[in-house]
Amino acid sequence: MVDRTLDLRNILTDLQQDGRIDMEAMNHLLGTSRTPEQTAMHPVSYVASQALDDLTRPGKKLDEMAITAWLADKSALQVFHIDPMKLQVADLAGVMSYQFAKRHDLLCVKITADELTVAVGQPFVESWVEQLMQTSQRRIKRVLSLPSDIARYRVEFYSLAKSISGAKGGTKAASNVTNFEQLLELGSMKDPEANDQHIVNIVDWLLQYAFDQRASDIHIEPRREVARMRFRIDGVLHQIYEFPANVATAITSRIKILGRMNVAEKRKPQDGRIKTKTPDGTEAELRLSTLPTAFGEKLVMRIFDPDVLLRTFDDLGLGGDDYQRWKDMIDHPHGIVLVTGPTGSGKTTTLYSTLKTLATDEVNVSTIEDPIEMVEEAFNQTQVQHNIGLDFAAGIRTLMRQDPDIIMVGEIRDLETAQMAVQASLTGHLVLSTLHTNDSPTSISRLLDLGVPSYLLKSSILGIMAQRLVRTLCPHCKEPDHISQADWDSLVKPWKVAKPQKVYKATGCLECRNTGYIGRQGIYEILRMSESLGNTISEVTDLNELRQQAMREGMRTLRLSGAQKIAKGLTTLEEVLRVAPPVQKYT
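Analysis parameters
- Starting from 1, residues in each chain are numbered consecutively following that chain's sequence as written.
- Confidence filtering applies because this is a predicted model: local features only for residues at pLDDT of at least 70, side-chain atom pairs given and counted only at 80 or more, and all residues used for totals across whole chains, interfaces and linings.
- In computing side-chain properties, one takes all heavy atoms of the structure into account and sets aside hydrogens as well as water.
- Helical segments are the DSSP runs of H or I of at least four residues, strand segments are the runs of E of at least two, and each set is numbered from the N terminus.
- The buried label goes to any residue with under 20% of its type's maximum accessible area, the exposed label to any with over 50%, and the partly exposed label to all in between, with areas taken from a 1.4 Å probe on protein chains only.
- Contacts are assigned to residue pairs that have any heavy atoms within 4.5 Å of one another.
- For two strands to be treated as a pair, DSSP must find no fewer than two bridges joining them.
- Between N-to-C directions, angles span 0 to 180 degrees; the directions come from axes that are lines fitted to C-alpha atoms, helices contributing only their stretch in contact.
- Here, nonpolar core means buried Ala, Val, Leu, Ile, Met, Phe, Trp, Tyr and Cys residues that are tied together by side-chain atoms lying within 4.5 Å of each other.
- Each patch is assembled from residues with relative accessible area greater than 30% and no salt bridge, linking like charges that lie within 9 Å and nonpolar side chains (Val, Leu, Ile, Met, Phe, Trp, Tyr) that lie within 5 Å.
- Here the open area of atoms and residues is found with the Shrake-Rupley method and a 1.4 Å probe, where only the protein chains shown may cover a residue.
- Between Lys or Arg on one side and Asp or Glu on the other, a salt bridge is scored when a side-chain nitrogen of the former is within 4 Å of a carboxyl oxygen of the latter.
- You can read pLDDT as the predictor saying how much it trusts each residue, on a scale of 0 to 100.
- Any N or O atom pair separated by 3.5 Å or less is treated as a polar contact, with the protein-specific requirement of one donor-capable and one acceptor-capable atom, and with residues adjacent in sequence counted only for side-chain atom pairs.

Enquirer: Tell me about the environment of Leu 258, and name the residues and values.
Expert: With respect to the helices, strands and loops of the structure, Leu 258 is situated in helix 12 (residues 245–258). Each C-alpha atom of the pair Leu 258 and Arg 273 lies 8.1 Å from the other, and the pair is 15 residues apart in sequence.

This is the structure we're talking about:
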């Protein structure tokens, strides 16, 4: 086969001959002068950037994926989508040099014992295959990927591999460690310098990559010889990469420097924060937390979405009757509103979004948090500092002298904080706070257990909202599904709710990284305090009776809220069952 390099003229000619574009569009592009940046683009990427109408698909544009699929048919190659989260970057970059990969427009995407899978940007060029077969001693399987992906990831992969290689070069390997006595010797190792340019490059890549993949948390976890990096995306952890142990130590030190933490202190947990920018230029905050483990410091970075305060309640999944019940509670001038649920259930997002709507020029909104999750100019935010005696209770006591209208308390953990929150609500302030309980009624029991008298709860609590986050179906690939009547009935009990005519299942596609889900929304259980509900609260409250009364007054369980999302085609039965607890029978 004679090699044929793709250029703009032959691509446009072939597209016109195959009826994908007309002669006018072809002649227009061939006669249009291009900028140096456009000239440097792969011809497929350039044609796609022109957003031409695809004549074989009315109403759709000839994008890069469509052109790549068309080329795959003409070259009899398989289309391969490059998912960097599933590739072993260091191994792949070692197969061929960067110069070789760039010269032939290649990127190795998979390695097995006897075969290399190589993504190509030039499907009709094979002159490089024999040379790579000889150097790798493996068969070569060519696949076709988006040229823009090949160009982008080729630079990223080789830069990262070079930085990691440079960072670990010249250091003693942490190998053959078999017990903790030998682990004690690791402190004398010469680790890479935290400010070394290789480490700076790795950290920059790490943060940019996390933003690109929509991660909410970054975990760097040391092990005996390596450290693994994982991202939490839509509530689920994904393994991303493995670093040599000493390189990971330097990465952690670099991040601690950026977060203004004590780099020398590795024995005690520390907290810090970083303000940075996402690839699209918007500001984002990262909250850092380190924890000493058997093999070194574990680092977790929580990424706070800068746009979270711009979202409507409907975007968060709080709409319809639930929103109206929530709005009725937060519109009161005084009283306590609680949000409850486990860690990561979206409580902070709900509170911040609520405070953002309440923080007008006419009111003073003050918070006491541990730590401050997101810095927002519309509030007066104070952080708990236990080392100087500024805890939640002391913070509320101080805020009471600051002429507040609305107070947000990060969490009610003890009797003193609960008593101060109640006192604030009874003296004319709206207090919002969180608890860690499974559902709304249990929050009453939790406060009683802390020692708050029942008569104070009746007179101060406006309502309690329990919440969870469910992943939402990918709109590009969701498919119709069937739910049995028995499964549906078990989900919505004790209500008799008709099974929806159409439900969907998660399938998986390139857009959602084959998970079937993109993003998350909340499901809610809202208990509004009323006189009849207050009558059920005593020092020996029967939570079953309390729940039944709340349900009679309109409270819907988390699972019923999830069922409504299923009926709207937003999520699946499996996802709701995964996150929402069954209706609890209290004993």
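Enquirer: Outline unusual backbone geometry, listing residues and values.
Expert: Following Asp 370, the chain continues to Pro 371 via a peptide bond in cis, the omega torsion being -10 degrees. You can see Pro 371 is positioned in the loop between strand 12 (365–369) and strand 13 (380–383). Here the amide bond leading from Lys 493 into Pro 494 is cis, since omega sits at 10 degrees, within 30 degrees of zero. Mapped onto the elements, Pro 494 comes out in the loop between helix 19 (485–492) and strand 18 (503–505). Phi is positive for Gln 137, which is not a glycine, with a value near 55 degrees.

Enquirer: Account for helix 15 (residues 392–399), naming residues and giving values.
Expert: Among the 8 residues that make up helix 15, 6 are buried, leaving the element largely enclosed by the rest of the structure. Every buried residue of helix 15 is listed here: Phe 392, Ala 393, Ala 394, Gly 395, Ile 396 and Leu 399. Of the surrounding elements, those touching the buried residues of helix 15 are strand 12, strand 14 (406–409) and helix 16 (415–426).

Enquirer: Mind laying out the sheet that holds strand 6 (residues 226–233), listing which residues take part and the relevant values?
Expert: Read from one edge of the open sheet, 6 strands run 7-6-5-10-9-8, paired in antiparallel fashion. The open sheet is flanked by strand 7 (236–244) and strand 8 (270–277), the only strands paired with a single partner. The average angle at which neighbouring strand axes cross in this sheet is 20 degrees, direction not considered. Where helix 11 (residues 197–212) meets the sheet, its contacts fall on strand 5 (217–222), strand 6, strand 7, strand 8, strand 9 (283–293) and strand 10 (296–304), and the angle it forms with strand 6 comes to roughly 25 degrees.

Enquirer: Break down the nonpolar core for me, citing the residues and quoting the values.
Expert: Core analysis: the largest hydrophobic core is formed by 87 residues, its most contacted members being Met 96, Trp 128, Leu 206, Phe 231, Phe 243, Ile 255 and Met 301. It is helix 11 that provides the largest number of residues to this core, a total of 9 residues. Leu 206 has contacts with Ile 218, Ile 220, Met 229, Phe 231, Ile 251, Ile 255 and Met 301, leaving out every residue within four places of it along the chain.

Enquirer: Which residues make up a nonpolar patch on the surface, and what values go with them?
Expert: On the surface, a nonpolar cluster with roughly 210 Å² of combined accessible area is contributed by Met 65, Val 79 and Leu 510. Relative to the helices and strands, Leu 510 resides in the loop between strand 18 and strand 19 (517–528). Relative accessible area serves as the criterion here: at 42%, Leu 510 is assigned to the partly exposed category.

Enquirer: An account of the environment of Pro 581 is requested, with residue identities and associated values reported.
Expert: Secondary-structure assignment places Pro 581 in the segment after helix 23 (573–579). On the accessibility criterion, Pro 581 (28% relative accessible area) is partly exposed. Residues Pro 581 and Asp 234, 347 residues apart in the sequence, show an inter-C-alpha distance of 19 Å. In this view, Pro 581 contacts Asn 438, Arg 468, Leu 558 and Arg 559; residues no more than four positions away in its chain are not counted.

Enquirer: Give me the sheet that holds strand 1 (residues 78–79): which residues, what numbers.
Expert: With mixed pairing, 4 strands are arranged side by side in an open sheet as 1-4-3-2. Every interior strand has two partners, whereas the edge strands, strand 1 and strand 2 (106–111), have only one. Where strand 2 lies against strand 3 (residues 115–120), 5 bridges are found, and the strand directions are antiparallel. When the sheet's bridge partners are listed, Cys 108 is paired in strand 3 with Val 118. Sheet strands touched by helix 8 (residues 129–136): strand 3 and strand 4 (139–144). Its angle to strand 4, the strand with the most contacts, is close to 130 degrees.

Enquirer: Break down the pairing of strand 7 for me, citing the residues and quoting the values.
Expert: Bridge count for strand 6 against strand 7 is 8 bridges, and the pairing is antiparallel. Its bridge partner being in strand 7, Ile 233 is matched across the sheet by Val 236. Turn length for the strand 6-strand 7 hairpin, with the two strands adjacent in sequence and antiparallel, is 2 residues, and the turn residue Asp 234 shows positive phi of about 55 degrees.

Enquirer: Explain the pattern of salt bridges residue by residue, including any values.
Expert: Taken as a whole and assessed by the stated rule, the structure comprises 32 salt bridges. For Glu 265, the salt bridge is made with Arg 267, and the minimal N-O distance between the two is 3.0 Å. By relative accessible area, Arg 267 is classed as exposed at 68%. In this structure, the salt-bridge partner of Arg 413 is Glu 411, at a minimum N-O distance of 3.1 Å. With a relative accessible area of 34%, Arg 413 lands in the partly exposed category.

Enquirer: Let's hear about the side chain of Asn 10: which residues, and what values?
Expert: Following the sequence through the fold, Asn 10 ends up in helix 1 (residues 8–17). Judged by its relative accessible area of 15%, Asn 10 falls in the buried class. Leave out the neighbours within four places in its chain, and Asn 10 touches Arg 4 and Thr 5.

Enquirer: Mind laying out the confidence of the model for the chain, listing which residues take part and the relevant values?
Expert: In regions of low pLDDT, the predicted coordinates are not meant to be interpreted in detail. Of the residues in the chain, 94% have a pLDDT of 70 or more, and the chain-wide mean is 88. Confidence drops under a pLDDT of 50 for residues 170–191, and excluding neighbours within four residues, the segment shows 28 contacts in the predicted structure.

Enquirer: I'd like a rundown of the side chain of Asp 217, residues and numbers included.
Expert: Its place among the elements puts Asp 217 in strand 5. Among the polar contacts made by the side chain of Asp 217, one reaches the side chain of Ser 216 at a distance of 2.9 Å. A distance of 2.5 Å separates polar atoms of two side chains, one belonging to Asp 217 and the other to Arg 302. In contact with Asp 217, other than residues within four places in its own chain, are Arg 230, Phe 231, Arg 232, Val 300, Met 301 and Arg 302.

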